[in-house]
Amino acid sequence: CMKPRVFSGMQPTSESLHLGNYLGALLQWVRLQDTHDAIYSVVDLHALTVAPDPSVLRDRTRRTAAQYLAAGVDPERSLLFVQSHVPQHVELMWILSTFTGMGEAGRMTQFKDKSAKVGESGTNVGLFTYPVLMAADILLYDTNVVPVGEDQRQHLELSRDLAQRLNTRLGEGTAAIPEPHIVKEVAKIQDLQDPTKKMSKSASSPKGLIEILQDPKAIAKNIKSATTDTETVIRYDEDAKPGVSNLLRIYSAFTGRAVDAIVADYEGKMYGHLKSDLADVVVEALTPVHDSAMEWIESPERLDSVLADGAAKASAIAQVTLDRIYDRVGL
Ligand code: ADP
Ligand code: NA
(Lines give C-alpha, C1' and ligand atoms only; values in the text may rest on other atoms or scores of the structure.)
(Ligands and ions follow the chains in the order given, each with its own letter.)
Protein backbone atom coordinates (compact mmCIF):
# COMPACT_ATOMS: atom_id res chain seq x y z
CA CYS A 1 0.00 0.00 0.00
CA MET A 2 1.59 3.28 -1.11
CA LYS A 3 -0.57 5.65 0.89
CA PRO A 4 1.14 7.28 3.87
CA ARG A 5 0.16 5.67 7.14
CA VAL A 6 -1.63 7.65 9.83
CA PHE A 7 -1.99 6.50 13.45
CA SER A 8 -4.03 8.10 16.19
CA GLY A 9 -5.83 7.16 19.38
CA MET A 10 -7.83 8.50 22.28
CA GLN A 11 -7.99 7.37 25.87
CA PRO A 12 -11.23 5.78 27.06
CA THR A 13 -11.53 8.16 30.00
CA SER A 14 -15.10 9.45 29.62
CA GLU A 15 -18.65 8.23 29.13
CA SER A 16 -18.91 10.35 26.02
CA LEU A 17 -16.50 12.17 23.74
CA HIS A 18 -17.04 15.92 23.56
CA LEU A 19 -17.26 18.35 20.69
CA GLY A 20 -13.53 19.13 20.84
CA ASN A 21 -12.74 15.44 20.39
CA TYR A 22 -15.31 15.19 17.62
CA LEU A 23 -14.37 18.25 15.55
CA GLY A 24 -10.71 18.41 16.56
CA ALA A 25 -9.90 14.74 16.17
CA LEU A 26 -12.59 12.32 14.96
CA LEU A 27 -13.72 14.25 11.90
CA GLN A 28 -10.09 14.69 10.86
CA TRP A 29 -9.53 10.97 11.27
CA VAL A 30 -12.54 10.26 9.10
CA ARG A 31 -11.25 12.59 6.38
CA LEU A 32 -7.75 11.14 6.53
CA GLN A 33 -9.18 7.73 5.56
CA ASP A 34 -9.52 9.01 1.97
CA THR A 35 -5.85 9.81 1.54
CA HIS A 36 -4.08 7.65 4.12
CA ASP A 37 -3.70 4.11 5.31
CA ALA A 38 -5.38 4.77 8.66
CA ILE A 39 -4.96 2.99 12.00
CA TYR A 40 -7.06 4.17 14.95
CA SER A 41 -6.90 2.83 18.47
CA VAL A 42 -8.69 3.14 21.79
CA VAL A 43 -5.63 3.48 24.00
CA ASP A 44 -6.83 1.76 27.17
CA LEU A 45 -3.31 1.05 28.49
CA HIS A 46 -2.71 4.80 28.68
CA ALA A 47 -5.96 5.21 30.62
CA LEU A 48 -4.65 2.90 33.38
CA THR A 49 -2.35 5.73 34.48
CA VAL A 50 -5.33 7.41 36.16
CA ALA A 51 -6.37 4.25 38.06
CA PRO A 52 -9.90 3.90 36.68
CA ASP A 53 -12.46 1.54 38.17
CA PRO A 54 -12.05 -1.73 36.15
CA SER A 55 -15.66 -2.10 35.05
CA VAL A 56 -15.86 1.60 34.20
CA LEU A 57 -12.71 1.35 32.08
CA ARG A 58 -14.04 -1.70 30.21
CA ASP A 59 -17.32 0.08 29.50
CA ARG A 60 -15.67 3.31 28.38
CA THR A 61 -13.33 1.43 26.05
CA ARG A 62 -16.31 -0.01 24.18
CA ARG A 63 -18.22 3.29 24.25
CA THR A 64 -15.20 5.11 22.81
CA ALA A 65 -14.85 2.57 20.00
CA ALA A 66 -18.59 2.88 19.31
CA GLN A 67 -18.20 6.65 18.94
CA TYR A 68 -15.29 6.28 16.51
CA LEU A 69 -17.49 4.03 14.37
CA ALA A 70 -20.49 6.34 14.66
CA ALA A 71 -18.41 9.33 13.58
CA GLY A 72 -17.41 7.51 10.41
CA VAL A 73 -14.27 5.50 11.13
CA ASP A 74 -14.85 2.72 8.62
CA PRO A 75 -13.47 -0.71 9.55
CA GLU A 76 -13.65 -1.75 5.89
CA ARG A 77 -11.03 0.88 5.05
CA SER A 78 -9.16 1.47 8.31
CA LEU A 79 -7.89 -0.53 11.25
CA LEU A 80 -9.77 0.02 14.48
CA PHE A 81 -8.59 -1.78 17.60
CA VAL A 82 -8.14 -1.60 21.37
CA GLN A 83 -4.50 -1.02 22.39
CA SER A 84 -4.36 -3.75 25.08
CA HIS A 85 -5.53 -6.36 22.52
CA VAL A 86 -2.20 -5.92 20.71
CA PRO A 87 0.55 -6.89 23.18
CA GLN A 88 3.34 -5.66 20.91
CA HIS A 89 2.69 -2.08 22.15
CA VAL A 90 4.05 -2.96 25.59
CA GLU A 91 6.88 -5.07 24.17
CA LEU A 92 8.16 -2.23 22.01
CA MET A 93 7.67 0.22 24.84
CA TRP A 94 10.22 -1.67 26.92
CA ILE A 95 12.80 -1.50 24.13
CA LEU A 96 12.14 2.21 23.63
CA SER A 97 12.39 2.91 27.35
CA THR A 98 15.99 1.67 27.19
CA PHE A 99 16.64 4.26 24.46
CA THR A 100 15.04 7.14 26.39
CA GLY A 101 17.18 9.34 28.62
CA MET A 102 15.95 10.07 32.14
CA GLY A 103 16.46 13.80 31.55
CA GLU A 104 14.67 13.58 28.24
CA ALA A 105 11.62 11.95 29.82
CA GLY A 106 11.80 14.37 32.74
CA ARG A 107 11.45 17.36 30.42
CA MET A 108 7.93 16.38 29.32
CA THR A 109 5.84 19.34 30.40
CA GLN A 110 2.56 17.42 30.64
CA PHE A 111 4.02 15.15 33.34
CA LYS A 112 5.63 18.11 35.09
CA ASP A 113 2.31 19.99 35.11
CA LYS A 114 0.36 16.97 36.36
CA SER A 115 2.84 16.06 39.08
CA ALA A 116 3.13 19.69 40.16
CA LYS A 117 -0.64 19.71 40.64
CA VAL A 118 -0.99 16.49 42.63
CA GLY A 119 2.50 16.10 44.12
CA GLU A 120 4.88 13.19 43.53
CA SER A 121 2.85 10.84 45.73
CA GLY A 122 -0.17 11.34 43.46
CA THR A 123 1.68 10.34 40.30
CA ASN A 124 2.95 6.96 39.10
CA VAL A 125 5.75 5.65 36.91
CA GLY A 126 3.21 4.93 34.18
CA LEU A 127 2.37 8.62 33.93
CA PHE A 128 6.09 9.38 33.68
CA THR A 129 6.71 6.85 30.89
CA TYR A 130 3.41 7.53 29.11
CA PRO A 131 5.19 9.33 26.21
CA VAL A 132 7.37 6.24 25.66
CA LEU A 133 4.25 4.08 25.30
CA MET A 134 2.89 6.68 22.90
CA ALA A 135 6.12 6.42 20.88
CA ALA A 136 5.67 2.63 20.76
CA ASP A 137 2.06 3.08 19.55
CA ILE A 138 3.32 5.21 16.69
CA LEU A 139 6.57 3.47 15.70
CA LEU A 140 5.02 -0.02 15.81
CA TYR A 141 3.08 0.76 12.62
CA ASP A 142 5.87 2.60 10.76
CA THR A 143 3.57 5.59 11.03
CA ASN A 144 4.23 8.51 8.68
CA VAL A 145 1.64 10.96 10.01
CA VAL A 146 0.19 11.65 13.45
CA PRO A 147 -2.66 14.16 13.89
CA VAL A 148 -1.78 16.15 17.00
CA GLY A 149 -3.13 19.03 18.97
CA GLU A 150 -0.80 21.51 20.65
CA ASP A 151 -0.72 19.52 23.93
CA GLN A 152 0.74 16.42 22.25
CA ARG A 153 3.43 18.14 20.17
CA GLN A 154 6.23 17.59 22.67
CA HIS A 155 5.33 13.92 22.98
CA LEU A 156 5.41 13.48 19.22
CA GLU A 157 8.80 15.20 19.20
CA LEU A 158 10.04 12.46 21.56
CA SER A 159 8.66 9.79 19.19
CA ARG A 160 10.60 11.40 16.34
CA ASP A 161 13.79 11.60 18.40
CA LEU A 162 13.47 7.93 19.36
CA ALA A 163 12.88 6.89 15.76
CA GLN A 164 15.97 8.81 14.68
CA ARG A 165 18.00 7.29 17.53
CA LEU A 166 16.96 3.75 16.56
CA ASN A 167 18.04 4.43 12.99
CA THR A 168 21.40 5.85 14.11
CA ARG A 169 22.21 3.06 16.56
CA LEU A 170 20.57 0.07 14.87
CA GLY A 171 20.79 1.05 11.21
CA GLU A 172 18.68 2.99 8.71
CA GLY A 173 15.20 1.58 8.17
CA THR A 174 14.76 0.47 11.77
CA ALA A 175 11.96 3.01 12.35
CA ALA A 176 9.90 5.41 10.24
CA ILE A 177 10.04 9.06 11.35
CA PRO A 178 6.51 10.29 12.08
CA GLU A 179 5.44 13.78 10.98
CA PRO A 180 2.83 15.85 12.82
CA HIS A 181 -0.42 16.58 11.00
CA ILE A 182 -1.39 19.90 12.50
CA VAL A 183 -5.03 20.16 13.36
CA LYS A 184 -6.71 23.08 11.64
CA GLU A 185 -7.52 26.21 13.63
CA VAL A 186 -11.25 25.89 13.04
CA ALA A 187 -11.19 22.70 15.09
CA LYS A 188 -10.14 24.40 18.32
CA ILE A 189 -13.19 24.21 20.56
CA GLN A 190 -13.40 26.16 23.81
CA ASP A 191 -15.34 25.52 27.00
CA LEU A 192 -18.87 26.97 26.72
CA GLN A 193 -18.81 28.38 30.26
CA ASP A 194 -15.21 29.62 30.28
CA PRO A 195 -14.34 30.23 26.62
CA THR A 196 -10.78 31.24 27.49
CA LYS A 197 -10.09 27.53 28.22
CA LYS A 198 -10.33 24.61 25.82
CA MET A 199 -13.25 22.25 26.11
CA SER A 200 -11.81 19.31 28.05
CA LYS A 201 -13.22 16.25 29.74
CA SER A 202 -10.97 16.73 32.76
CA ALA A 203 -11.23 20.51 33.19
CA SER A 204 -14.70 21.45 31.89
CA SER A 205 -17.85 21.39 34.00
CA PRO A 206 -20.85 19.52 32.51
CA LYS A 207 -22.33 22.84 31.36
CA GLY A 208 -19.10 23.74 29.57
CA LEU A 209 -19.24 20.61 27.39
CA ILE A 210 -21.16 19.40 24.38
CA GLU A 211 -21.07 15.60 24.37
CA ILE A 212 -21.88 13.19 21.54
CA LEU A 213 -23.88 10.88 23.81
CA GLN A 214 -25.67 13.68 25.65
CA ASP A 215 -29.43 14.13 25.41
CA PRO A 216 -30.22 16.68 22.61
CA LYS A 217 -32.17 18.87 25.05
CA ALA A 218 -29.14 19.16 27.30
CA ILE A 219 -26.95 20.03 24.32
CA ALA A 220 -29.34 22.82 23.31
CA LYS A 221 -29.53 24.06 26.89
CA ASN A 222 -25.75 24.23 27.23
CA ILE A 223 -25.39 26.15 23.97
CA LYS A 224 -28.16 28.58 24.95
CA SER A 225 -26.49 29.30 28.29
CA ALA A 226 -22.98 29.66 26.82
CA THR A 227 -20.94 32.57 28.15
CA THR A 228 -20.68 35.46 25.69
CA ASP A 229 -19.89 39.11 26.57
CA THR A 230 -21.64 42.38 27.34
CA GLU A 231 -21.30 43.80 23.85
CA THR A 232 -24.27 42.98 21.62
CA VAL A 233 -22.52 42.71 18.27
CA ILE A 234 -21.92 39.32 16.65
CA ARG A 235 -18.39 39.48 15.27
CA TYR A 236 -15.29 37.29 15.31
CA ASP A 237 -12.61 38.38 17.77
CA GLU A 238 -10.91 35.57 19.68
CA ASP A 239 -9.30 37.86 22.26
CA ALA A 240 -12.08 40.33 22.99
CA LYS A 241 -14.99 37.95 22.30
CA PRO A 242 -13.84 34.38 22.96
CA GLY A 243 -17.35 33.07 23.66
CA VAL A 244 -19.03 34.41 20.52
CA SER A 245 -15.98 33.45 18.45
CA ASN A 246 -16.19 29.88 19.77
CA LEU A 247 -19.87 29.67 18.82
CA LEU A 248 -19.05 31.00 15.35
CA ARG A 249 -16.27 28.44 14.91
CA ILE A 250 -18.60 25.60 15.90
CA TYR A 251 -21.25 26.93 13.53
CA SER A 252 -18.71 27.11 10.74
CA ALA A 253 -17.35 23.62 11.41
CA PHE A 254 -20.80 22.03 11.17
CA THR A 255 -22.16 23.99 8.23
CA GLY A 256 -18.93 24.25 6.22
CA ARG A 257 -19.59 27.97 5.80
CA ALA A 258 -16.94 30.63 6.35
CA VAL A 259 -17.12 32.54 9.64
CA ASP A 260 -17.34 35.85 7.73
CA ALA A 261 -20.45 34.68 5.89
CA ILE A 262 -22.08 33.62 9.16
CA VAL A 263 -21.21 36.98 10.75
CA ALA A 264 -22.80 38.77 7.78
CA ASP A 265 -26.01 36.74 8.20
CA TYR A 266 -26.31 37.75 11.84
CA GLU A 267 -25.76 41.46 11.36
CA GLY A 268 -28.21 43.33 13.59
CA LYS A 269 -29.32 40.11 15.31
CA MET A 270 -28.92 39.16 18.96
CA TYR A 271 -26.77 36.52 20.64
CA GLY A 272 -29.97 34.58 21.40
CA HIS A 273 -30.66 34.14 17.68
CA LEU A 274 -27.19 32.82 17.03
CA LYS A 275 -27.35 30.44 19.99
CA SER A 276 -30.79 29.12 19.12
CA ASP A 277 -29.83 28.46 15.48
CA LEU A 278 -26.53 26.92 16.54
CA ALA A 279 -28.32 24.60 18.96
CA ASP A 280 -30.46 23.36 16.04
CA VAL A 281 -27.40 22.92 13.81
CA VAL A 282 -25.45 20.97 16.43
CA VAL A 283 -28.36 18.78 17.52
CA GLU A 284 -29.22 17.95 13.92
CA ALA A 285 -25.61 17.05 13.12
CA LEU A 286 -24.97 15.04 16.28
CA THR A 287 -28.27 13.13 16.40
CA PRO A 288 -27.27 10.53 13.77
CA VAL A 289 -23.85 10.15 15.42
CA HIS A 290 -25.50 9.70 18.81
CA ASP A 291 -28.00 7.17 17.42
CA SER A 292 -25.37 5.17 15.60
CA ALA A 293 -23.08 5.09 18.66
CA MET A 294 -25.99 3.83 20.79
CA GLU A 295 -26.68 1.07 18.23
CA TRP A 296 -23.05 -0.08 18.45
CA ILE A 297 -23.10 0.09 22.25
CA GLU A 298 -26.27 -1.98 22.31
CA SER A 299 -24.80 -4.61 19.94
CA PRO A 300 -21.78 -5.78 21.93
CA GLU A 301 -21.19 -8.88 19.79
CA ARG A 302 -21.04 -6.84 16.61
CA LEU A 303 -18.73 -4.32 18.23
CA ASP A 304 -16.44 -6.97 19.70
CA SER A 305 -16.17 -8.71 16.36
CA VAL A 306 -15.06 -5.47 14.64
CA LEU A 307 -12.51 -4.89 17.41
CA ALA A 308 -11.22 -8.48 17.29
CA ASP A 309 -10.75 -8.24 13.53
CA GLY A 310 -8.92 -4.92 13.92
CA ALA A 311 -6.66 -6.30 16.64
CA ALA A 312 -5.72 -9.35 14.55
CA LYS A 313 -4.76 -7.18 11.59
CA ALA A 314 -2.93 -4.61 13.72
CA SER A 315 -1.03 -7.34 15.53
CA ALA A 316 0.19 -8.83 12.26
CA ILE A 317 1.62 -5.46 11.17
CA ALA A 318 3.07 -4.78 14.62
CA GLN A 319 4.84 -8.14 14.78
CA VAL A 320 6.79 -7.40 11.60
CA THR A 321 8.14 -4.19 13.14
CA LEU A 322 8.80 -5.82 16.49
CA ASP A 323 10.68 -8.77 14.89
CA ARG A 324 12.89 -6.30 12.99
CA ILE A 325 13.71 -4.30 16.13
CA TYR A 326 14.20 -7.38 18.35
CA ASP A 327 16.62 -8.75 15.79
CA ARG A 328 18.58 -5.50 15.54
CA VAL A 329 18.93 -5.04 19.32
CA GLY A 330 20.14 -8.64 19.67
CA LEU A 331 17.09 -10.41 21.08
P1 ADP B 1 -9.30 16.10 26.69
O2 ADP B 1 -8.49 17.36 26.48
O3 ADP B 1 -10.75 16.34 26.79
O4 ADP B 1 -8.72 15.25 27.81
P5 ADP B 1 -7.87 14.38 24.96
O6 ADP B 1 -6.63 15.01 25.46
O7 ADP B 1 -8.15 12.96 25.31
O8 ADP B 1 -9.12 15.26 25.38
O9 ADP B 1 -7.90 14.57 23.40
C10 ADP B 1 -8.33 13.60 22.47
C11 ADP B 1 -8.27 14.25 21.10
O12 ADP B 1 -9.21 15.31 21.00
C13 ADP B 1 -6.92 14.86 20.78
O14 ADP B 1 -6.64 14.63 19.39
C15 ADP B 1 -7.11 16.34 21.04
O16 ADP B 1 -6.26 17.15 20.27
C17 ADP B 1 -8.58 16.53 20.65
N18 ADP B 1 -9.18 17.60 21.46
C19 ADP B 1 -9.42 17.54 22.79
N20 ADP B 1 -10.01 18.68 23.22
C21 ADP B 1 -10.13 19.48 22.13
C22 ADP B 1 -10.66 20.80 21.91
N23 ADP B 1 -11.20 21.49 22.91
N24 ADP B 1 -10.63 21.32 20.67
C25 ADP B 1 -10.10 20.61 19.65
N26 ADP B 1 -9.59 19.37 19.77
C27 ADP B 1 -9.59 18.80 20.99
NA1 NA C 1 -5.87 16.31 27.26
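As annotated in an unreviewed UniProt entry, the chain carries the name Tryptophan--tRNA ligase and comes from Demequina capsici. Listed in UniProt under the heading Subunit (unreviewed entry), the comment for the chain reads: "Homodimer."

A few words now on the site of ligand 1. Near ligand 1, the surroundings consist of 14 residues, among which H18, A187, I189, M199 and K201 are the closest. Between ligand 1 and G20, the relevant distance is 3.1 Å, taken from a nitrogen atom to a main-chain nitrogen or oxygen of the residue. Between an oxygen atom of ligand 1 and a side-chain N or O atom of K201, the distance comes to 2.7 Å. When the free accessible area of ligand 1 is taken as 530 Å², the share hidden by the protein chains comes to 84%. If one sorts the elements of the shell around ligand 1 by residue count, helix 1 (residues 19-32) sits on top with four residues. A per-class count over the shell around ligand 1 returns five nonpolar, six polar and three charged.

This next bit is on the pairing of strand 5 (residues 179-182). Pairing analysis gives four bridges linking strand 4 (residues 145-148) to strand 5, with the strands arranged parallel. Note that in strand 5 the partner of V145 across the bridge is E179. Between the parallel pair strand 4 and strand 5, the chain is carried across by helix 8 (residues 153-170), and the sense of this crossover is right-handed.

Look at A51: it is not a glycine, yet its phi comes out positive at around 50°. When you line up the elements, A51 lands in the loop between helix 2 (44-47) and helix 3 (54-71). A51 gets classed as exposed once you look at its relative accessible area, which sits at 65%. Even without being glycine, D142 reaches a positive phi, approximately 50°. Look at D142 and you get partly exposed, because its relative accessible area is 25%.

Next up on the list: the UniProt feature "binding site: L-tryptophan" (unreviewed entry) in the chain. Using the residue numbers shown here, the UniProt feature "binding site: L-tryptophan" (unreviewed entry) corresponds to D137. Along the chain, the position of D137 falls in helix 7 (residues 125-139). Taking the relative accessible area as the measure of exposure, D137 reaches 3% and is therefore buried. A polar side-chain atom of D137 sits 2.8 Å from a polar atom in the side chain of H89.

If you walk through the whole model with that rule in mind, you get 18 salt bridges. Residue R77 is joined to D74 by a salt bridge in which the shortest nitrogen-to-oxygen separation is 3.4 Å. A salt bridge links K241 to D229, with the nearest nitrogen and oxygen atoms 3.0 Å apart. Taken together, the residues K241 in the loop between helix 9 (216-224) and helix 10 (242-255) and D229 in the loop between helix 9 and helix 10 connect sequence positions 12 residues apart. Taken together, the shared-partner salt bridges in this structure form one network comprising D229, E231, R235, D237 and K241.

The rules behind each value
- Residues numbered from 1 in each chain as written.
- Chains lettered and ligands numbered in written order.
- Predicted model: local features only at pLDDT ≥ 70, side-chain atom pairs only at ≥ 80, totals over all residues.
- Heavy atoms only, no water.
- UniProt positions renumbered as here; feature names shortened; annotations may be inferred.
- Near = heavy atom within 4 Å.
- Polar contact = N/O pair within 3.5 Å; in protein donor to acceptor, adjacent residues only side chain to side chain.
- Areas by Shrake-Rupley, 256 points an atom, 1.4 Å probe, with all protein chains shown as cover.
- Helix = DSSP H or I, 4+ residues; strand = E, 2+ residues; numbered from the N terminus.
- Nonpolar A, V, L, I, M, F, W, Y, C, P; charged D, E, K, R; others polar.
- Pairing = 2+ DSSP bridges.
- Right-handed = clockwise from strand over helix to strand, strands pointing away.
- Buried < 20%, exposed > 50% of the residue type's maximum accessible area, 1.4 Å probe, protein only.
- Salt bridge = Lys/Arg side-chain N within 4 Å of Asp/Glu carboxyl O.

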